[in-house]
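One letter stands for each residue in the lines below.
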Amino acid sequence: MKKIILFLILLFITIPVYGKEDRGIFISYIELNNYINGKSYDDAKKNIDKMIENISKNKFNTIYLQVRSHDDAIYKSHEFKKSKYIVLKDNKRIDVLKFFTKVCNKRKIKLYAWINPFRIDSNTYYDPADEHTKKHILKGIDEVLEYKIDGIIFDDYFYTNDDMDKKEYDEYIKKEKISKKDFHLMIIRNLLLDVNKEIKNKNKNIKFAISPSGNIDNLYNKDFVDIKRLTKDKKYIDFVMPQVYYGFYNEAKPYYKVINEWDNISNIPVVYALALYKSGLTDNYAGKGKNEWIENNNIIEREIILGRNRKHYKGFSIYRYDNMFNKEYINKNTKEEIKNISKILK
C-alpha cells in the first residue's frame, strides 16, 4: 500500500514545469527496411505518413530518424552510397529524409537526423583519428543540413577497439607525450567540437547531441568518450541522450542510480533513451533482476516519472518505433507498458 501511495504522489508532483518535454521515438534502419524496402513508391510514402501519424496521435513530439546507419544515406548524397534499406520495388528513387521533413513539419513533429559516424558495416569501422574520416563525416553533416531538420544526433559507436588509431597515435607521441586513452578521448572531443562548429556556422538553431552508452565507466574505458567534459557546457553538444537501457532491479546498474549519475555529471539537458524493446523478455545482463521485464509491465512509465524529477531532465525517447506500434513486435507485457505510458502523456 505504501508503494502505491508513493507512486501516486510521484505521478502528480512530476508534471513538467520546465516547458514541453521531448517525447521521442527512434526510427531505425530496421523500420526503414520493414516499411520502405521492396515497397512501391506510393506504399512507401503511405507507410512513412502512417508512422508519423501514429507518433503524433500518441502524444509524442520528436523523431530520431536513422539517416545513416552503415556509411550510407537515406537522402540524396554525393558522399555516401544509397542505403540498401530503402530500395523500392519499382526502382523509383525516394528521398526518405525529404519526405519525413515534409510530413513532420506538417504535423509539428521535431525531426533529428540520427547518424552512426564511424560504422561501415557490422564488423568494420572507420578509424576515428584519421583526418579523412573527419572530412568524410563533416561532408555528410553539410549534406544533412540542406534539409529542414531540428537537430543531429550521433549514436554510441565511437571507438570499437584500443588499436584502431595505432598509426596516428604513434605519430602523435613523437611530438607530445600522452597516454593512449587520453589520445582517444581527445580525438572524440575534437571531432564533436568540429561537428558542432560546422552545424552552428550553418544554422545556430540546429541542435547537436550524442546518444552514448548509459554506462559512464564504459564510456571512458571502452568507447573513449570524455562525457564529464562533454557535458560541462554546450561547447561540444547541446544535450546528451544516454541509453539508459536498465530496469530498476538491474544488479549492476539499477535505473534510478544510473539517472542520478547522469544528472550529477551534466550541466546540459539530458534526454533518457528507454528500452521498451526489453518488455516481456529476459534481461540476461541484469543479474538477479533478469526477470524484471517479464514480471512487471509499468517499468517505462515509472522511469519517465522518475526522470522528470531530475534537475537536468529534458525528455525521453523510446527505442524503438516497432516496439511501440508494430503488432509483430508487441507481446502481452508490451501492450500493458504502452497503456501505462499513455496515461502520463497528456
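Note that the structure is a prediction, hence the values are computed from the model and not measured. (Residues numbered from 1 in each chain as written. Predicted model: local features only at pLDDT ≥ 70, side-chain atom pairs only at ≥ 80, totals over all residues. Heavy atoms only, no water.)

Chemist: I keep staring at the overall build of the protein chain and nothing clicks. Help me out?
Modeler: Of the regular secondary structure elements, the protein chain holds 14 helices and 10 strands. Over its C-alpha atoms the protein chain spans a radius of gyration of 20 Å, differing by no more than 12% from the 20 Å that the globule rule assigns to 346 residues. The dimensions of the protein chain, computed from C-alpha atoms along their principal axes, are 65 × 55 × 35 Å. The buried share among the 346 residues of the protein chain stands at 55%. Here the analysis covers contacts within the protein chain between residues at least 6 apart in sequence; of these, 76% occur between residues at least 24 apart. Just so you have it, the protein chain exposes about 16,800 Å², and 49% of that area is on carbon and sulfur atoms. Between the averaged position of the 65 positive side-chain charges in the protein chain and that of its 49 negative side-chain charges there is a distance of 6 Å. (Helix = DSSP H or I, 4+ residues; strand = E, 2+ residues; numbered from the N terminus. Rg over C-alpha atoms; globule rule 2.2 N^0.38 Å. Buried < 20%, exposed > 50% of the residue type's maximum accessible area, 1.4 Å probe, protein only. Contact = heavy atoms within 4.5 Å. Areas by Shrake-Rupley, 256 points an atom, 1.4 Å probe, with all protein chains shown as cover. Lys, Arg positive; Asp, Glu negative; His and termini not counted. Charge placed at Lys NZ, Arg CZ, Asp CG, Glu CD.)

Chemist: Would you mind showing me how to read unusual backbone geometry here?
Modeler: In this model, Y319 is joined to R320 through a cis peptide bond whose omega is 5 degrees. Assignment of secondary structure puts R320 in the loop between strand 10 (313-318) and helix 13 (321-325). Within the chain, K59 stands out as a residue other than glycine whose phi angle is a positive 75 degrees. When you line up the elements, K59 lands in the loop between helix 3 (41-57) and strand 2 (62-68). Despite not being glycine, N91 shows a phi value in the positive range, around 65 degrees.

Chemist: What exactly am I supposed to notice about the packing of aromatic side chains here?
Modeler: Centre distance and the angle of the planes are the two values used to describe a pair of aromatic rings. In this structure the tally under the stated criterion is 20 aromatic pairs. For the pair Y169 and F183, a centre-to-centre distance of 5.4 Å together with 55 degrees between the ring planes defines the contact as tilted. With a gap of 14 residues between them, Y169 in helix 6 (residues 166-172) and F183 in helix 7 (residues 180-202) connect regions that are remote in the sequence. The interplanar angle of 35 degrees and the centroid separation of 4.8 Å between the aromatic rings of Y321 and F325 together place this pair among those described as tilted. Remark: F325 and Y321 occur in helix 13; sequence separation between them is 4 residues, near one turn of the helix. Neither residue differs from the other here; Y321 and F325 are each classed as buried. In this structure an aromatic cluster arises from ring pairing among F26, Y64, Y112, W114, F239, Y245, Y277 and Y319. Sitting above the plane of the F80 ring, R68 keeps its charged end 3.9 Å from the centroid. For K314, the ring lying beneath its charged end belongs to F239, and the centroid distance is 4.7 Å. (Phe/Tyr/Trp six-rings, centres within 6.5 Å; stacked < 30°, edge-to-face > 60°. Lys NZ or Arg CZ within 6 Å of the ring centre and 35° of its normal.)

Chemist: Quick question: what am I supposed to make of the packing of helix 3 against helix 4 (residues 96-107) here?
Modeler: Helix-helix packing is described using two parameters, namely the angle between the two axes and the distance between the axes. Look at helix 3 against helix 4: their axes get within 10 Å of each other, and the N-to-C directions meet at 40 degrees. With respect to the hand of their crossing, helix 3 and helix 4 are arranged in right-handed fashion. Residues K45, I48, D49, I52, E53 and S56 of helix 3 form the contact with helix 4, whose participating residues are V96, F99, F100, V103, C104 and R107. (Axes fitted to C-alpha atoms, helices over the stretch in contact; angles between N-to-C directions. Left-handed = near helix turned anticlockwise from the far one by under 90°.)

Chemist: How do you make sense of the side chain of D22 when you look at a structure like this?
Modeler: Locating D22 in the fold gives a position in strand 1 (residues 22-27). A polar atom in the side chain of D22 sits 2.6 Å from the side chain of K110. Within polar-contact distance, the side chain of D22 engages the side chain of K314 at 2.2 Å. (Polar contact = N/O pair within 3.5 Å; in protein donor to acceptor, adjacent residues only side chain to side chain.)

Chemist: Where do I start with the nonpolar core in this structure?
Modeler: Nonpolar side chains in soluble globular proteins tend to be buried together. Core analysis: the largest hydrophobic core is formed by 115 residues, its most contacted members being L65, L97, I152, F154, I210 and I227. With 10 residues, the top contributor of residues to this core is helix 7. Those residues in contact with I210, other than ones at most four positions away along the chain, are I153, F154, F158, L192, V225, I227, L230, I237, F239, V240 and M241. (Core = buried A, V, L, I, M, F, W, Y, C linked by side-chain atoms within 4.5 Å.)

Chemist: So what exactly am I meant to see when it comes to helix 4 here?
Modeler: Counting along an α-helix, one turn takes 3.6 residues, and residues three or four places apart therefore face a common direction. Taking 1.5 Å of rise per residue, the 12 residues of helix 4 would be expected to cover 16 Å, and the 17 Å separating its terminal C-alpha atoms lies within 8% of that figure. Inspection of helix 4 places V96, L97, F99, F100, T101, V103 and C104 among the buried residues, and these make up the whole buried set. Among the structural elements, strand 1, helix 2 (29-35), helix 3, strand 2, strand 5 (110-115) and helix 5 (131-144) are those in contact with the buried residues of helix 4. Just downstream of helix 4 lies K108, where phi reads positive at about 60 degrees. (Expected span 1.5 Å × (residues − 1).)

Chemist: Help me understand the pattern of salt bridges, please; the structure alone is not making it clear to me.
Modeler: In a structure, side chains of opposite charge can pair up when their charged atoms sit close to one another. Enumeration over the complete set of coordinates arrives at 17 salt bridges. Where D238 meets K200, a salt bridge forms, and the shortest distance between an N and an O atom there is 2.7 Å. Of this pair, D238 sits in the loop between helix 9 (227-230) and strand 8 (239-240) while K200 sits in helix 7, placing them 38 residues apart in sequence. Taking relative accessible area as the criterion, K200 reaches 21% and is therefore assigned partly exposed. One salt bridge in this structure joins K278 and D283, with 3.0 Å as the shortest N-O distance. Overlapping salt bridges, with partners in common, bring together E21, R23 and R308 in one network. (Salt bridge = Lys/Arg side-chain N within 4 Å of Asp/Glu carboxyl O.)

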